[in-house]
Amino acid sequence: MKKIIALIVTILALLLTACGNSGPSTKINVSMTDFTFSPSEFTVPTGEEITLHITHDGTVEHSFIVMKYGTDAGEMFDEADKANIFWEMDLQPEDSNTLVFTAPEQPGTYQIICGMVGHLQSGMIGKLTVVNQQ
Ligand SMILES: [Cu+2]
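Here the structure is a predicted model, which means the values were calculated and not measured. (Residues numbered from 1 in each chain as written. Predicted model: local features only at pLDDT ≥ 70, side-chain atom pairs only at ≥ 80, totals over all residues. Heavy atoms only, no water.)

## Let's talk about the packing of aromatic side chains
Each aromatic ring pair is characterised by the separation of its centres together with the angle its planes make. For the structure on display, the rule yields six aromatic pairs. When the centroid spacing of 5.5 Å and the interplanar angle of 50° are considered together, the rings of Y69 and Y110 count as tilted. With Y69 in the loop between strand 5 (62-67) and strand 6 (85-91) and Y110 in strand 8 (residues 108-113), the pair connects residues that are 41 residues apart, well separated along the chain. For the pair W87 and F101, a centre-to-centre distance of 4.7 Å together with 25° between the ring planes defines the contact as stacked. Note that W87 is positioned in strand 6 and F101 in strand 7 (residues 96-102), a separation of 14 residues in sequence. Considered together, W87 and F101 belong to a single accessibility category, that of buried residues. Chaining the aromatic ring pairs together yields one cluster made of F37, F42, F64, W87 and F101. (Phe/Tyr/Trp six-rings, centres within 6.5 Å; stacked < 30°, edge-to-face > 60°. Helix = DSSP H or I, 4+ residues; strand = E, 2+ residues; numbered from the N terminus. Buried < 20%, exposed > 50% of the residue type's maximum accessible area, 1.4 Å probe, protein only.)

## A closer look at the pattern of salt bridges
Following the criterion strictly, the structure yields one salt bridge and no others. Between K82 and E79 there is a salt bridge, with the nearest N and O atoms lying 2.9 Å from each other. We classify K82 as partly exposed; its relative accessible area is 44%. (Salt bridge = Lys/Arg side-chain N within 4 Å of Asp/Glu carboxyl O.)

## Some details on the coordination of the copper ion
The protein atoms that coordinate the copper ion are H62 (ND1), C114 (SG), H119 (ND1) and M124 (SD), at distances spanning 2.0 to 2.5 Å. Relative to the metal, the four donor atoms surrounding the copper ion lie at angles of 89 to 135°, and the coordination shape comes out irregular. Sequence positions of the residues that donate to the copper ion give the spacing H-x51-C-x4-H-x4-M. Of this pair, H62 sits in strand 5 while H119 sits in helix 2 (residues 119-122), and the two are 57 residues apart along the sequence. (Donors = N, O, S within 2.8 Å, 3.2 Å for Na, K, Ca; no water. Tetrahedral: all angles 85-135°; square planar, octahedral: opposite > 155°, others 65-115°.)

## What to know about the side chain of S63
Tracing the backbone shows S63 in strand 5. Of note is the side chain of S63, whose polar atom sits 2.7 Å from the backbone nitrogen of G115. Every residue in contact with S63, bar those within four places of it in the chain, is listed here: M32, F37, E88, M89, D90, I113, C114, G115 and M116. (Polar contact = N/O pair within 3.5 Å; in protein donor to acceptor, adjacent residues only side chain to side chain. Contact = heavy atoms within 4.5 Å.)

## Description of the sheet that holds strand 3 (residues 41-45)
Reading across the sheet, the five strands line up as 3-9-8-5-6 and stay open at both edges, with mixed pairing between neighbours. Sheet topology places strand 3 and strand 6 at the edges, where each strand pairs with a single neighbour. Going across the sheet, the axis of each strand differs from the next one's by a mean of 20°, ignoring polarity. As judged from the two bridges shared by strand 5 and strand 8, these two strands associate in the antiparallel manner. If you follow V66 over to strand 8, its bridge partner there is I112. (Pairing = 2+ DSSP bridges. Axes fitted to C-alpha atoms, helices over the stretch in contact; angles between N-to-C directions.)

If you want it as structure tokens, here you go:
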């Protein structure tokens, strides 16, 4: 009987740990407004399928762009930066969408930006942290 109780306690402890939001997650929920991503920082495991649910709570078109490893858009997103897009989706105001993308195999930090003119400068910037799975 004691063993069973100990087992149940262990399982509950593991479940609580799994629910913590400090570790990597394969689910991202993000809201886009004029002009922020909320939240703006995400941690995902390498190579996993990531389900991204985006809601648009702003009034102008926005995009969610993950830049390739080792690149960033600099001061502004322009034509030359398009070659460095790892993954992108656009969303119209009051729309929402759920998409799946595969996380990069390379651990590290990746810049997230909105590619609409002027939005990066207005604060539509974020960070995707990709970590090896434990
Ligand atoms: Cu935008």
